[in-house]
Amino acid sequence: MRYEAFHQRSIDDPEGFWAEQARAIDWHTPPQKILDYRDPPFRRWFSGGTTNLCHNAVDRHLDARGEQLALVAISSETGVTREISYRELFDEVNVFASMLKSLDVGRGDRVVIYMPNMAEAVFAMLACARIGAVHSVVFGGFASHNLALRIDDARPKLLICADAGMRGGKVIAYKPLVDAACTEAQHPPPHVLMVSRGLDPDASRVEGRDVDYDALRAAHAGARVEVEWLESNEPSYLLYTSGTTGKPKGVQRDVGGYAVALALSMWSIYDVRAGQVMFSTSDVGWAVGHSYNVYGPLIVGATSILYEGLPTNPDPGVWWSICEKYGVRTMFSSPTGIRVLKKQDAAWLKKHDLSQLQWLFLAGEPLDEPTAHWITDGIGKTIIDNYWQTETGWPVLSLMPGLDMKPVKFGSPGLPAPGYRLRVIDDVSGADVGAGEKGVLVIEPPLPPGCLTTVWGDDARFMQSYFSHFKELLYSSLDWAIRDEDGYTFILGRTDDVINVAGHRLGTREIEESCSTHPSVAEAAVIGVHDALKGQVPVVFATLREGDAAAAAEGMRARVVEQLGAVARPARVYVVGALPKTRSGKLLRRSLQALAEQRDPGDLSTLDDPGALDEVRRALERGADSGG
Ligand code: AMP
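The present account deals with the structure reproduced in this document. What you are looking at is a predicted structure, and each value in this text was computed from that prediction instead of being measured.

**Brief notes about the overall build of the protein chain**
Of regular secondary structure, the protein chain possesses 19 helices and 33 strands. Relative to its length of 628 residues, the protein chain is compact, with a C-alpha radius of gyration of 24 Å against a globular reference of 25 Å. Taken over the C-alpha atoms alone, the protein chain extends approximately 70 × 60 × 55 Å along its principal axes. Every one of the 628 residues in the protein chain was classed for burial, and the buried ones make up 61%. Counting only contacts in the protein chain whose residues sit at least 6 apart along the sequence, the fraction spanning at least 24 positions is 71%. Carbon and sulfur atoms make up 49% of the accessible area of the protein chain, which totals about 22,800 Å².

**Notes on the site of the ligand**
The environment of the ligand is formed by 14 residues, the closest being Asp385, Thr390, Asp479, Arg494 and Arg505. In this structure, Glu365 approaches the ligand through a main-chain N or O atom, which is 3.4 Å from a nitrogen atom. Between the ligand and Asp385 there is a distance of 2.8 Å, counted from a nitrogen atom to a side-chain nitrogen or oxygen. Elements with a contribution of two residues or more to the shell around the ligand: β20 (382–386) and β27 (489–494).

**What about helix α19 (residues 610–622)?**
For α19, built from 13 residues, the straight-helix expectation of 18 Å at 1.5 Å per residue is met to within 8% by its first-to-last C-alpha distance of 19 Å. Buried within α19 we find Ala612, Leu613, Val616 and Ala619. Seen from one end, α19 has its buried residues packed into an arc of 120°, which puts them on one side. Of the exposed residues in α19, the ones pointing more than 90 degrees away from its buried face are Pro610, Glu621 and Arg622. Check the buried side of α19 and you find it contacts β31 (535–544), β32 (572–575) and α18 (589–596). By the N-cap criterion, in which a side-chain oxygen at the helix start approaches the backbone nitrogen of a residue two or three places on, α19 is capped by Asp609, the distance to Gly611 being 2.9 Å. Trailing α19 by a residue or two, Gly623 shows a phi angle of about 105°, which is positive.

**As for the packing of aromatic side chains**
Inspection of the entire model under this criterion finds 29 aromatic pairs. Grouped by ring-pair contacts, the aromatic residues Phe6, Phe17, Trp18, Trp27, Trp45, Phe46, Trp267, Trp394 and Tyr420 constitute a single cluster. Over the aromatic face of Trp348 sits the side chain of Lys351, whose NZ or CZ is 4.3 Å from the ring centroid. Sitting over the face of the ring of Tyr488, Lys409 holds its NZ or CZ atom 4.6 Å from the ring centroid.

**Examining the pairing of strand β15 (residues 249–253)**
For a regular strand, side-chain orientation follows a simple rule: the groups alternate between the two sheet faces. Counting buried residues along β15, five of its five residues qualify, which places the element largely inside the surrounding structure. Both faces of β15 are covered, namely the face carrying Lys249, Val251 and Arg253 and the face carrying Gly250 and Gln252. Here strand β14 (residues 237–241) pairs with β15 via five bridges, running antiparallel. Bridge pairing links Tyr240 to Gly250 in β15.

**Section: the state of the cysteines**
This structure, assessed with the given rule, holds zero disulfides. Summary of cysteine pairing: Cys128 is not part of a disulfide, and the nearest cysteine sulfur, belonging to Cys54, is at 10 Å. For Cys128, a relative accessible area of 0% puts it in the buried group. Here Cys161 stays free of any disulfide, with the sulfur of Cys182 as its closest cysteine sulfur at 8.5 Å.

**What to know about the packing of helix α1 (residues 3–12) against helix α2 (residues 14–21)**
Between two packed helices, the angle of one axis relative to the other and the distance separating the axes together describe the packing. Direction vectors running N to C along α1 and α2 enclose 115°, while the axes themselves pass 5 Å from each other. Considering their axes alone, α1 and α2 lie roughly perpendicular with respect to each other. Of the residues in α2, those in contact with Phe6, Arg9, Ser10, Ile11 and Asp12 of α1 are Pro14, Gly16, Phe17, Glu20 and Gln21. Residue composition of the contact of α1 with α2, grouped by class: four nonpolar, three polar and three charged.

**Quick look at the pairing of strand β26 (residues 475–483)**
Extensive coverage of β26 is indicated by the burial of seven of its nine residues. Taken together, the five bridges between strand β24 (residues 438–443) and β26 define a ladder with antiparallel strand orientation. Within the sheet, the bridge partner assigned to Val442 lies in β26 and is Ser476. Here β26 runs beside β27; their pairing, made up of five bridges, is antiparallel. Bridging across to β27, Arg483 finds its partner in Thr489. Here β26 folds back onto β27, and the loop between the two strands holds five residues, one of which, Gly487, carries a positive phi near 90°.

**Quick notes on the nonpolar core**
Across soluble globular proteins, nonpolar side chains have a tendency to be buried as a group. In terms of nonpolar packing, the biggest core is built from 117 residues, with Leu126, Ile160, Leu193, Tyr292 and Tyr295 touching the most fellow members. Counting residues per element, this core draws most heavily on helix α6 (residues 119–131), at eleven residues. In this view, Ile160 contacts Phe96, Leu100, Val111, Val112, Ile113, Tyr114, Met115, Ala124, Leu193 and Val195; residues no more than four positions away in its chain are not counted. Counting residues in each nonpolar core, the second largest holds 38 residues, with Val112, Ala542, Ala553 and Leu564 among its members.

**Some points on unusual backbone geometry**
Here the bond from Asn313 into Pro314 is cis, since omega is 5°, no more than 30 degrees from zero. As for its placement among the helices and strands, Pro314 is situated in the loop between β17 (303–308) and α12 (318–326). Residue Pro446 is bonded to the preceding Pro445 through a cis peptide linkage, with omega at 5°. If you trace the backbone, Pro446 turns up in the loop between β24 and β25 (454–455). One non-glycine residue, Asp104, adopts positive backbone phi at about 70°. By the secondary structure assignment, Asp104 is in the loop between α5 (86–102) and β6 (110–114). In this model, Leu478 sits at a positive phi of 65°, which is unusual for a non-glycine residue. Overall, Leu478 belongs to the buried group, its relative accessible area being 8%.

Conventions and cut-offs
Residues numbered from 1 in each chain as written. Predicted model: local features only at pLDDT ≥ 70, side-chain atom pairs only at ≥ 80, totals over all residues. Heavy atoms only, no water. Helix = DSSP H or I, 4+ residues; strand = E, 2+ residues; numbered from the N terminus. Rg over C-alpha atoms; globule rule 2.2 N^0.38 Å. Buried < 20%, exposed > 50% of the residue type's maximum accessible area, 1.4 Å probe, protein only. Contact = heavy atoms within 4.5 Å. Areas by Shrake-Rupley, 256 points an atom, 1.4 Å probe, with all protein chains shown as cover. Near = heavy atom within 4 Å. Polar contact = N/O pair within 3.5 Å; in protein donor to acceptor, adjacent residues only side chain to side chain. Expected span 1.5 Å × (residues − 1). Arc of directions from axis to C-beta. Phe/Tyr/Trp six-rings, centres within 6.5 Å; stacked < 30°, edge-to-face > 60°. Lys NZ or Arg CZ within 6 Å of the ring centre and 35° of its normal. Pairing = 2+ DSSP bridges. Disulfide = S-S within 2.5 Å. Axes fitted to C-alpha atoms, helices over the stretch in contact; angles between N-to-C directions. Parallel < 35°, antiparallel > 145°, perpendicular 65-115°, else oblique. Nonpolar A, V, L, I, M, F, W, Y, C, P; charged D, E, K, R; others polar. Core = buried A, V, L, I, M, F, W, Y, C linked by side-chain atoms within 4.5 Å.

As structure tokens, this is what we get:
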């Protein structure tokens, strides 16, 4: 079918369109109403229908493909590969679900999962889904403060962790971070279930709180747990993401809408069907990991590959050797992942038989043209840029090779995915801008299935963060965009203070708050500065109360790593005498960023103290007080 007709139908007759798509998943009770939109912008897809993500991802495939591989978990860090069939996955998930129940976890209870890319993380997620518990996976690269913030917001009954992760051969102990987070949190979980890989034999065990996975698993061997049928709009999981404030938002996903959207995206966008193999290099802690390492491929009966390790270890051909060995049809990675490979010899791209590989999708950050050309030429495959957000759970913009492949335009993630009514509007007047003009990318509600239903426990924040920017009720993507004559959309970066480091979304506010906990610091301003490898890196400008500039700068970097994790480590810290602010006291982050990127700082008519900019210029000339 032609893309245009398919997309148009999803806009003109959303209920008819989504009723058809809903047939791709199993329902225990069919939906009573396809779309309930009585309370805009809140919407309920497949209202009254009951279903279960675990049933759709596992149980329903047992008859047709019980012996087929469901999950291949490869770690180039530990050297262990686990090939798990649908039947084995079913067994593991049942045992895990039984363990959860024994720890008093039930329907609606939250479970925080803090693990690297290992098979047990997937078992844990599916086990939660099976019993209707709401999982909240926290990226393993986040440190204790970030974990504590998420614990306090989600108030979990249980935290599941690994003893340690590994990166580049170095063991990163998780348990001390979990202990610190539980101490910092106001609402620590009553139990911590630890999966030990023997990486940290000295990991602490807190009496009465900590439970050992192997021992509990043995006690539940062979257990079977009935699926809990959930109303389509009950929460399935939370995934915290950064915004403009220091407090992360718990993006809440539903059950039925999510499953249907994933099923549709798997065949139409990613071109993967039952029995085929998908390899996403994402971490389970990110939105891509949830949708395309776990739920998407499993819901359609495909094989999912989960990879723990660097793209260059044991050699820069490791990803392609996985593609060859498992006959990967569709691979999904990030521009940063490819830029890491680009530093290596291009001959690595030619060493493996990639005849099965059809598509390489890249998402999470802007795909620069040189990288796109390098990898297109290097592997001789079509590279598809796709744009989405943690909030949307699946692509907003993409090309759809499973339906009707359109020509690639370098620099653009393509055309609207089904169900998305996208507009590009003027940020002040709210009027639609013409082709080729810059505006804010917005989605006209109701948001399609799969997108967030609200911010956990905070409908007001959901409204305020996404729907309060314009006179009309519109979802703001908070991204600038341009649409060309052919409808291809180009993304030009965020309108808010969120930065994107190697595809990881970080709030500058969070980093500023962390820097400000240093006793010498009076005020910190964090901006994202262009970086050839990571897209952007955080750079700090700070004023001091007292003390030595170099020591304070070092101290700030250490605090950020300790509290937020190495992903947020400032690349450079500059100590200055004053920060540029408007007369009303607002930090002029954009001017700071322009100066740091050697661009014109723009309109400075609102600047309070012109001397502050000279301070910044001098600091940049002098060089960073730490990093750089
Ligand atoms: P996250 O929620 O962490 O996935 O971050 C979402 C943000 O990443 C978006 O709002 C964009 O700013 C950026 N982003 C994601 N995918 C793309 C893409 N294909 N091109 C440009 N920017 C992207």
